[in-house]
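Report on the structure
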Amino acid sequence: RPYDGDIDVYNLTTISSLAYTPFMKNENHNFSAYFNFFTSDYKTMNQEVMTSNTASSLLQTPVAGSRTQNEELRLVSGSSQTRSLGAVLGASYSFLKDRYILNATLRGDANSRFGPNYRYGMFPSVSFRWRLSDEKFMRGIKNLDDLSFRASYGESGEAPRQDYSFFNRYSTYSWSYLGQTGVFPSTMELKNLKWQTIKGTNVGANVSMWQGRLRFDFDVSRNRTVDLFFNG
């Protein structure tokens, strides 16, 4: 089967980061913050020809006399492009030498696979840790290295897996009648498609004893997916 194809893939990704860690005169306080910015541009272009029944098996070019009627043969071209932006702003604060630790982040995303109504999404998260073993009333317990309690909540978003889902797209049947090929809608127009969002909560504890020789970690988590995508 003679074949000729040209497939080009263009992918450009950038990551920019900014960190801020001020000097704190009081050692009981510790603060840090950061900002990350992401961009992505992914583009593909293709054109392919596959034919059969040439005059000789030595002819490997579709330009030679051949046919493309069979379903497994092809004469296709296409292009696709996806762009996305993302930014994360986070901060961490600890008090009394990590006895109390608070972390918070806010992420914003934009993706071209959505329609104009829901192209942007915001996803917050927050976590807290209390190192109970550093409290005065706990210091009398021997062989206890660490006893901490944790709690967190966060959201993360996912974009659709296909490009141009907010357009109606049409395809042609692989067969024809009297020289004419039928057209049918191949995708549904989804202008109000939203971000698939996972909302997660977690509570846990850490116990360490005898200089780390014995350690226990406990976690209870619950994740819930909102606006779940369905591949029809």
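Details of the structure are given in the entry above.
In short, a report on the structure. This structure is a prediction, so every number in the text was calculated from the model and none was measured.

Right, let's get into the side chain of Asn206. Within the element layout of this structure, Asn206 appears in strand 9 (residues 196-209). Here Arg150 takes part through its side chain, which lies 2.7 Å from a polar atom of the side chain of Asn206. A polar atom in the side chain of Asn206 sits 2.6 Å from the side chain of Asp217. Beyond its immediate chain neighbours, meaning those up to four positions away, Asn206 contacts Arg129, Asp146, Leu147, Ser148, Arg150, Arg215, Phe216 and Asp217.

Even without being glycine, Leu96 reaches a positive phi, approximately 60°. Here Leu96 shows up in the loop between strand 3 (74-95) and strand 4 (100-111). The phi torsion at Asp98 lies on the positive side, around 70°, for a residue other than glycine. Of note, Asp98 is situated in the loop between strand 3 and strand 4. Residue classification places Asp98 among the partly exposed positions, given a relative accessible area of 34%.

Judged by side-chain polarity, Tyr93, Leu102, Val126, Phe128, Trp130, Phe137, Phe149 and Tyr153 come together as a nonpolar surface patch covering roughly 730 Å² of accessible area. At the level of secondary structure, the elements contributing two or more residues to the nonpolar patch comprise strand 5 (120-131) and strand 6 (144-158). Ranked by residues supplied to the nonpolar patch, first place goes to strand 5 with 3 residues. Along the chain, the position of Tyr93 falls in strand 3. Take Tyr93: its relative accessible area is 31%, and that puts it in the partly exposed class.

On inspection of all chains with the given rule, the structure shows 7 aromatic pairs. Summarising the aromatic geometry, the rings of Phe216 and Phe218 are spaced 6.2 Å apart at their centres and angled 15° between planes, so their arrangement reads as stacked. Its relative accessible area of 40% is what places Phe216 among the partly exposed residues. By relative accessible area, Phe218 is classed as partly exposed at 47%.

On to the side chain of Arg150. Within the secondary structure layout, Arg150 lies in strand 6. There is a polar contact of 3.4 Å between the side chain of Arg150 and the backbone oxygen of Phe218. Apart from the residues lying within four places of it in its own chain, the contact partners of Arg150 are Phe128, Arg129, Asn202, Val203, Gly204, Ala205, Asn206, Phe218 and Asp219.

Per the stated rule, a full pass over the model turns up 10 salt bridges. Among the salt bridges present, the one from Arg99 reaches Glu135, with a minimum N-O distance of 3.4 Å. Taken together, the residues span a long stretch of sequence, with Arg99 in the loop between strand 3 and strand 4 and Glu135 in the loop between strand 5 and strand 6 at a distance of 36 residues. Each member of the pair, Arg99 as well as Glu135, is classed as buried. Among the salt bridges present, the one from Glu189 reaches Lys191, with a minimum N-O distance of 3.9 Å. By relative accessible area, Lys191 is classed as partly exposed at 48%. Three or more residues joined by partner-sharing salt bridges are found here, namely Arg129, Arg131 and Asp146.

So, how was this worked out
- Residues numbered from 1 in each chain as written.
- Predicted model: local features only at pLDDT ≥ 70, side-chain atom pairs only at ≥ 80, totals over all residues.
- Heavy atoms only, no water.
- Helix = DSSP H or I, 4+ residues; strand = E, 2+ residues; numbered from the N terminus.
- Polar contact = N/O pair within 3.5 Å; in protein donor to acceptor, adjacent residues only side chain to side chain.
- Contact = heavy atoms within 4.5 Å.
- Buried < 20%, exposed > 50% of the residue type's maximum accessible area, 1.4 Å probe, protein only.
- Patch = residues over 30% accessible without salt bridge, like charges linked within 9 Å, V, L, I, M, F, W, Y side chains within 5 Å.
- Areas by Shrake-Rupley, 256 points an atom, 1.4 Å probe, with all protein chains shown as cover.
- Salt bridge = Lys/Arg side-chain N within 4 Å of Asp/Glu carboxyl O.
- Phe/Tyr/Trp six-rings, centres within 6.5 Å; stacked < 30°, edge-to-face > 60°.

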